[in-house]
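# Secondary and tertiary structure notes
The chain contents come next:
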Amino acid sequence: MESGLLFNLVTVAYFAAMLLFFIYLATRNNTVSLLATLTAVSGFLLQTAALGLRWYESYQLLGSDGRAPLTNLYESVVFFSWSIVLIYLLVDLKYKQRTIGAFIMPFALFSQAGAQMWLNAGIDPLVPALQSNWLTYHVITCFLGYAAFALACGVSIMYLIKIGKEEKYQGDGPMGGLLGFLPPTRVLDDINYRAIMIGFPLLTLGIITGAAWANYAWGTYWSWDPKETWSLIVWFLYAAFLHARFTRGWVGRRAAWLSVIGFAATIFCYLGVNLVLSGLHSYGS
Amino acid sequence: MTEKKNSLSDRVWDFFCSLKLTITIMLLLAVTSIIGTVIQQNAPAADYIKEYGQANYKLFVKLQFVDMYHSWWFIGLLGLFSINLICCSIKNFPRAWKFVKSPMLVASPGILKNSANRAEYTTKEDKQQLAGRLTDLLKKEFGKTTVTEVDGKLYLFAQKGIYSRFGAYMTHLSILIIMAGAIIGNLWGYKAYVNIVEGTSIKQVLSSSGQTPINLGFTVRCDNFSVIYYPNSRRPKDYYSDLVVLENGREMVHKRIEVNDPLTYKGITFYQASYGSAGNAIFKIKVTENATGKTMNFNARRGEHVKLPNGYSFSINGFTENDRQFGPAMQLHVNSPDGKHGRPFIVWQKYPQFDVKRAGTFSFALINYEEPQFTGLQVAKDPGVNIVWFGSFLMVFGSLTAFFFSHKRIWACLETAGGKTKLQVVANAHRNQPGFALAFDEFKQKLDAVVENKSPAKKG
């Protein structure tokens, strides 16, 4: 398949972008950061094209049974990678904090490369239960939400690396060194909060579209299946984060840790449930 | 005595209103929910004993881990969650409403002095003139601006996003609405299933929980069931049933249902869930009386004795869809008039002339056979489901309002002191202060320009 070739190029581009962001951290050269961002953007465009091509190929392969590339584990992991880069580029547009790239591109690269290496890229026909428009809405909302949580996690890691040193730092003027080069902790904390604010309604929508679909297919919108339950666990964690944060100014370390834990739960909800527990979301495998 | 009682009820009230309780319950709900994803729910007792041992099983039953999402403690947590939600809302709503009813048009000295976001200027310009330009800026950035004069001082006030103070209440209300919908569905609805053999009809379904029959109040007939497979594969692409709803013998609704496309009639919904063989195929058989050449057609089931002329009868003993690559074949025997069992023989559908050669009293041909299938339907009645959808919509709408907008207020105070005009500007947002602090920093540059009567572009 041609799209497989394109996806391999995407992996290369994201790897290069990640390396360039690391070099940027080391050299603090603005040209490097621009190059890194441009590489990430071209990787993103390639990935978009590859997803489109895979969509087209599904029609070539299955005739009228073709479908958007959002239906199995391979496709969802690739789409996750695409969503992460999309959210990152949007944040870059708004905040222009290029160092974040070094902490978020690894997530995107890991999903894209992991999908290429370990997952079955075949385009198989869908079982009847998956033939629904709800599938598309459900997957898109969930993964954009997950991507926002990934970004929040990356930024929280930066925050946690920086805050300890910053609290001990006693000189006047900005902190030197690599840590001084990272965005101010105030900005990191703000991005963490905003990313979760974007991710939370998306997750809510993802859960609701999943429930609506289940109701349409089986007549139950909620059956406490492990995937549903874990999505609710993630929802409660981020709801706790938001409440702790809104009303009491629970900024800082604890917020950052909750964000990291929330993302770990998200990943378990996404992959762990399929690998470890049993239930409805076996991705037709 | 009364005072003590008061303070106790105050303390109880404060406990139920506290945000600490909210966060604790949310984290508790998150952590305890894991149990039911690790321990299988509602499995037969033998499964638990096999996996965890007798002693652990007893413990699980005691702690209601085998059906934890319906356990008293989990429902209790959800109940506490709702009480907390209601109390928080009751406590805080009047405060939010006050911002609408009586906005603080004049900044208090405390606000002017202690706000985190503040700017202060001193210029020689007349305060009225400056106030005019400032009003224009506030109008542009915040909306409607109110000017109040108190004791020779000019106070400006502007705000935006006040409705966002109600996003949280909408979200909280939505959770209660969803819970109410779920409870209504549980109390007045049911989940059931039914298998309908093609061509037959049913009036009752079996409840999933107790397997007790439930009367539908109407009749459902399945005229036809079909499975379509993907080419060269046994993977079903689609399966569907043609259902007819009948009331008092009249056909009310016809619908072809398939997975992801159910039929709803009078609040009861039928979902295509499964299918299977209903056994007992019907064989269409042509019998020729060899002596006379007379032919007869019969519909026969396996094991059933079918009468033939002159006291003979036959019966089908067996059937296979593929006999040694010769295709469908049945085994049958003929009973003679004295009741004697004849020797069994085989008739292949594709080779009817073989049985003619057998030269019995009768020769048999298998015209076709129909193996009826049943369609498996999930049946659900859920009068609460639309309430749940309404709650879900409100939740998304409310949380978007709450997250992406905040109530931002800005005050300015202009006073003349010693021939100069002193201007103080303070602002706050009711949430996301760090984000607003960044925005205020940007706003300050515009403010600088207005005070200096320059546009920032000219300055650069």
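Residues numbered from 1 in each chain as written. Chains lettered and ligands numbered in written order. Predicted model: local features only at pLDDT ≥ 70, side-chain atom pairs only at ≥ 80, totals over all residues. Heavy atoms only, no water.

### Quick notes on helix 7 (residues 185–218) of chain A
With 34 residues, helix 7 of chain A should reach 50 Å at 1.5 Å per residue; the first-to-last C-alpha distance of 48 Å fits that figure. Burial runs high along helix 7 of chain A: 28 of the 34 residues are buried. (Helix = DSSP H or I, 4+ residues; strand = E, 2+ residues; numbered from the N terminus. Expected span 1.5 Å × (residues − 1). Buried < 20%, exposed > 50% of the residue type's maximum accessible area, 1.4 Å probe, protein only.)

### Things to note about the interface of chain B and chain A
Contacts between chain B and chain A engage 52 residues on the former and 52 residues on the latter. Carbon and sulfur atoms supply 69% of the area that chain B and chain A bury against each other, a total of about 4600 Å² over both sides. Joining chain B to chain A, the criterion identifies 2 salt bridges. Notably, a salt bridge pairs Asp441(B) with Arg186(A), separated by 3.6 Å at the nearest N-O pair. The interface formed by chain B and chain A contains 11 residue pairs in polar contact (both at pLDDT 80 or more). Tallying contributions element by element places helix 2 (residues 19–38) of chain B first for the side of chain B that touches chain A, with 12 residues. Partitioned by chemical class, the residues of the side of chain B that touches chain A number 31 nonpolar, 12 polar and 9 charged. (Contact = heavy atoms within 4.5 Å. Buried area = accessible area lost by both parts, 1.4 Å probe. Salt bridge = Lys/Arg side-chain N within 4 Å of Asp/Glu carboxyl O. Polar contact = N/O pair within 3.5 Å; in protein donor to acceptor, adjacent residues only side chain to side chain. Nonpolar A, V, L, I, M, F, W, Y, C, P; charged D, E, K, R; others polar.)

### Examining the domain arrangement of chain B
According to the domain assignment, chain B consists of domain 1 (8–98), domain 2 (107–161 + 406–451), domain 3 (190–278 + 374–381) and domain 4 (282–371). Look at where the C-alpha atoms of domain 1 of chain B and domain 4 of chain B centre, and you get two points 67 Å apart. (Domains from an automatic or database assignment.)

### Examining the confidence of the model for chain B
Per-residue confidence for chain B gives a mean pLDDT of 88, with 97% of residues at or over 70. On the interface metric, ipTM, the complex scores 0.89, and its pTM is 0.81. (pLDDT = per-residue confidence, 0-100.)

### Overview of the state of the cysteines
Scanning the entire structure with this criterion turns up 0 disulfides over all chains. Cys269(A) supplies the cysteine sulfur nearest to Cys153(A), a cysteine that is in no disulfide, at a spacing of 15 Å. The exposure class assigned to Cys153(A) is buried, which follows from its relative accessible area of 5%. Free of any disulfide, Cys88(B) has its nearest cysteine sulfur in Cys17(B), 5.8 Å distant. (Disulfide = S-S within 2.5 Å.)

### Re the nonpolar core
Residues and elements named next belong to chain A. Counting residues in hydrophobic clusters, the biggest one holds 122 residues, and the most contacted among them are Met105, Leu151 and Trp235. At 17 residues, helix 5 (residues 133–168) tops the list of elements feeding residues into this core. Those residues in contact with leucine 151, other than ones at most four positions away along the chain, are Ile87, Tyr88, Val91, Ile100, Ile104, Ile191 and Ala195. (Core = buried A, V, L, I, M, F, W, Y, C linked by side-chain atoms within 4.5 Å.)

### A short note on the sheet that holds strand 14 (residues 313–320) of chain B
Residues and elements named next belong to chain B. Strand order across the open sheet formed by 4 strands is 13-14-15-16, with antiparallel pairing between neighbours. What marks the edges here is a single partner per strand, and that holds for strand 13 (305–307) and strand 16 (345–348). Neighbour-to-neighbour, the strand axes of the sheet open up by a mean angle of 35°, direction not taken into account. (Pairing = 2+ DSSP bridges. Axes fitted to C-alpha atoms, helices over the stretch in contact; angles between N-to-C directions.)

### A short note on the domain arrangement of chain A
All names here are of chain A. When its domains are assigned, chain A resolves into domain 1 (1–126) and domain 2 (127–166 + 176–285). One C-alpha centre belongs to domain 1, the other to domain 2, and the line joining them spans 19 Å. With 27 residues of domain 1 in contact, the opposing surface of domain 2 contributes 35 residues. When domain 1 packs against domain 2, the two sides together hide about 2800 Å² of surface, and 82% of this comes from carbon and sulfur. Considering only the side of domain 1, the residues that lose the most area to domain 2 are Phe80, Phe103 and Leu126, jointly responsible for 23% of the buried surface there. In this structure, the connection of domain 1 to domain 2 is made through 0 salt bridges. If you look at where domain 1 meets domain 2, you find 5 residue pairs in polar contact (both at pLDDT 80 or more). Only helix 1 (2–27), helix 3 (73–95) and helix 4 (100–118) provide two or more residues apiece to the side of domain 1 that touches domain 2. In terms of residues, the side of domain 1 that touches domain 2 owes the most to one element, helix 3, which gives 13 residues. Residue classes in the side of domain 1 that touches domain 2 are distributed as 19 nonpolar, 6 polar and 2 charged.

### As for the pairing of strand 1 (residues 117–123) of chain B
Residues and elements named next belong to chain B. Here strand 1 shows a clear split, with Asn117, Ala119, Tyr121 and Thr123 buried on one side and none of Arg118, Glu120 and Thr122 buried on the other. Strand direction decides the pairing type here: strand 1 and strand 20 (residues 420–429), joined by 7 bridges, are antiparallel. Paired with asparagine 117 across the two strands is alanine 427, which belongs to strand 20.

### What about the pairing of strand 5 (residues 201–207) of chain B?
All names here are of chain B. Relative to strand 5, strand 4 (residues 190–197) is paired through 2 bridges, and the arrangement is antiparallel. Across the sheet, the residue bridging to tyrosine 193 is leucine 206, located in strand 5. What sits between strand 4 and strand 5 in their antiparallel hairpin is a turn of 3 residues, with glycine 199 showing a positive phi close to 85°. Relative to strand 6 (residues 213–229), strand 5 runs antiparallel, the two being bridged by 5 bridges. When the sheet's bridge partners are listed, isoleucine 202 is paired in strand 6 with valine 220. Counting the residues between successive antiparallel strands, the hairpin from strand 5 to strand 6 contains 5 residues, one of them, glutamine 211, with a positive phi of roughly 55°.

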